[in-house]
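These are the residues of each chain, in order.
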Protein chains: 2
Amino acid sequence: MTDRDTRHKNAMQKLKQHVDDKVAAATEERGLLMVFTGNGKGKTTAAWGTVTRALGYGYRVGVVQFIKGLWECGERERLVEDLNLDVAIMATGFTWDTQNRESDTAACLEVWREAERMLADPEVYLVVLDELTYMLKFGYLDIATVTAALENRPSDQTVIITGRNAHRDLLAMADTITEMQEVRHAFNNGLKARRGIDF
Amino acid sequence: MTDRDTRHKNAMQKLKQHVDDKVAAATEERGLLMVFTGNGKGKTTAAWGTVTRALGYGYRVGVVQFIKGLWECGERERLVEDLNLDVAIMATGFTWDTQNRESDTAACLEVWREAERMLADPEVYLVVLDELTYMLKFGYLDIATVTAALENRPSDQTVIITGRNAHRDLLAMADTITEMQEVRHAFNNGLKARRGIDF
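This report concerns the structure included in the present document. Worth saying up front: this structure is predicted, and the values here are computed from it rather than measured.

**Description of the packing of helix 5 (residues 101–119) of chain B against helix 7 (residues 143–151) of chain B**
Residue and element names in this part refer to chain B.
- One way to put it is that helix 5 packs onto helix 7 with a least axis distance of 9 Å and a crossing angle of 20°. For the element pair helix 5 / helix 7, the angle class is roughly parallel. Crossing angle aside, the handedness with which helix 5 passes helix 7 is left-handed. Residues W112, E116 and L119 of helix 5 form the contact with helix 7, whose own contacting residues are T145, V146, A149 and L150.
- Taken together, the residues of the contact of helix 5 with helix 7 sort by class into five nonpolar, one polar and one charged.

Set out below in structure tokens:
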């Protein structure tokens, strides 16, 4: 065995030990609250990746889309025939297209009722609240209403919340937080958003 | 209209103008090179979310899994029957389980040939090179080989590369880079990885 091989083997053994120790220490089992936030690409996409994953094991999944509702959405099209997937969409689409606080609030509260139904259903293994953070930021939804529904959900249910500028009460409750930071974005260099990739 | 409504309307108009301006400025159309890196959760998941999205429009997709090959993988199970999806898996699984540099290098080069085939095929709209960064870091693959294959790929093909510690040459080439930063991870607080959520 060369020196390089030996060094490699030692490094890999150390890494394996580190991972094994962490796996052994993780003993608590329950549903998680995950927040995907930050200004970079990948928040909603990672949520849909998790939806695909959960459906792959036959779990029931609920998705509530608070903003992108009226956009074309390839992942929704791909999965929508799955009987285990339940999707609720806010009727108004992008809120900066309507510019009417009253009708946007009503549309938000209507789709929030669907979210509450999913968050109360022990058969639903994963709930995605896509772009929820903006509803709180714009004042369409009350943070206390949201945290109450999250706290009272079935203990095995995992929830993913996506969007920039997540409310500090959501961050405080979260088990896992990833901040998707934009290092570079093609769109800002004049590259067009691509069908099947960006939407 | 109340003051609050007027302020809201003005803020939304400004936001809409900003987005409209950016959309108008984005005129170049070609496949993108995207890198999802950083130590947080969501890199591979966002890649699979994009796979689901592209399949939703009927595009052909190739996925090469360089490390997680032997793990259970719900998203692969969910999508694998899709005739537009081609998945190649590195045979050895987690490299720190084998701890043999020579056999890992051979396994890496074998699956890299599948990647090269996809990267040369104009029918493939999206190629995911999942966990490729570690192959470069461990010295199983040469960076020049990788950048040559990326540079010579069909101009309409988008490539997503995932993994921590992305090589600086990959970052220099990338159109979009998101760094998934771990703010908090349930696993580090003793919570078990969950089937259908974490794998």
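**Considerations on the interface of chain A and chain B**
- Each side of the interface is counted separately: chain A has 84 residues, and chain B has 84 residues.
- Summed over both sides, the interface between chain A and chain B buries roughly 8,000 Å², with carbon and sulfur atoms accounting for 56% of that surface.
- Of all residues in chain A, R53, Y57 and R194 of chain A give up the largest surface area on contact with chain B, accounting jointly for 11% of the area buried on that side.
- Here chain A and chain B share 10 salt bridges between them.
- Of the charged contacts, one joins D156 of chain B and R194 of chain A as a salt bridge, the two residues approaching to 3.7 Å between their closest N and O atoms.

**Brief notes about the sheet that holds strand 3 (residues 85–89) of chain B**
- Spatial ordering of the open sheet is given by 3(A)-2(A)-4(A)-5(A)-1(A)-6(A)-6(B)-1(B)-5(B)-4(B)-2(B)-3(B), a layout of 12 strands whose pairing is mixed. Strand pairing shows two members of the sheet lacking a second neighbour, strand 3 (85–89) of chain A together with strand 3 of chain B, which therefore form its edges. Ignoring strand direction, the axes of neighbouring strands in this sheet form an average angle of 15°.
- Relative to strand 4 (residues 124–130) of chain A, strand 2 (residues 60–65) of chain A runs parallel, the two sharing six bridges. Opposite V63 of chain A, over in strand 4 of chain A, you have V128 of chain A as the bridge partner.
- Relative to strand 3 of chain A, helix 5 (residues 101–119) of chain A is tilted by about 155°, and along the sheet it contacts strand 2, strand 3, strand 4 and strand 5 (158–162) of chain A.

**Focus: the side chain of R194 of chain B**
- Mapped onto the fold, R194 of chain B is located in the segment after strand 6 (176–184).
- We classify R194 of chain B as buried; its relative accessible area is 7%.
- A polar contact is formed between the side chain of R194 of chain B and the backbone oxygen of R30 of chain A, at a distance of 3.3 Å.

**Some words on the relation of the copies chain A and chain B**
- With an RMSD of 0.0 Å, the fit of chain A onto chain B corresponds to turning through 180° and sliding 0.0 Å along the axis. Both copies are brought into coincidence by an operation consistent with a two-fold rotation axis.
- A share of 100% of interface residues in chain A that are also interface residues in chain B marks the association as one of identical surfaces.

**Concerning the packing of aromatic side chains**
- Evaluated as defined, the whole model comprises 10 aromatic pairs over all chains.
- Taken together, a centroid distance of 6.4 Å and an interplanar angle of 80° make the contact between Y57 of chain A and F199 of chain B edge-to-face. A residue pair is termed interchain when its members come from two chains, as with Y57 of chain A in the loop between helix 2 (43–56) and strand 2 and F199 of chain B in the segment after strand 6.
- Y57 of chain A gets classed as buried once you look at its relative accessible area, which sits at 15%.
- With relative accessibility at 22%, the residue F199 of chain B sits in the partly exposed group.
- Put simply, the rings of Y57, Y59 and Y125 of chain A together with F199 of chain B touch in pairs and so form one group of aromatic residues.

**What to know about the pairing of strand 2 of chain A**
Residue and element names in this part refer to chain A.
- The element strand 2 is extensively covered by neighbouring structure, given that five of its six residues are classed as buried.
- Bridging between strand 2 and strand 3 involves five bridges; their strand directions are parallel. Across the sheet, residue V64 finds its bridge partner in strand 3, namely A88.

Cut-offs and rules
- Residues numbered from 1 in each chain as written.
- Chains lettered and ligands numbered in written order.
- Predicted model: local features only at pLDDT ≥ 70, side-chain atom pairs only at ≥ 80, totals over all residues.
- Heavy atoms only, no water.
- Axes fitted to C-alpha atoms, helices over the stretch in contact; angles between N-to-C directions.
- Helix = DSSP H or I, 4+ residues; strand = E, 2+ residues; numbered from the N terminus.
- Parallel < 35°, antiparallel > 145°, perpendicular 65-115°, else oblique.
- Left-handed = near helix turned anticlockwise from the far one by under 90°.
- Contact = heavy atoms within 4.5 Å.
- Nonpolar A, V, L, I, M, F, W, Y, C, P; charged D, E, K, R; others polar.
- Buried area = accessible area lost by both parts, 1.4 Å probe.
- Salt bridge = Lys/Arg side-chain N within 4 Å of Asp/Glu carboxyl O.
- Pairing = 2+ DSSP bridges.
- Buried < 20%, exposed > 50% of the residue type's maximum accessible area, 1.4 Å probe, protein only.
- Polar contact = N/O pair within 3.5 Å; in protein donor to acceptor, adjacent residues only side chain to side chain.
- Least-squares fit on C-alpha atoms with pLDDT ≥ 70 in both.
- Phe/Tyr/Trp six-rings, centres within 6.5 Å; stacked < 30°, edge-to-face > 60°.

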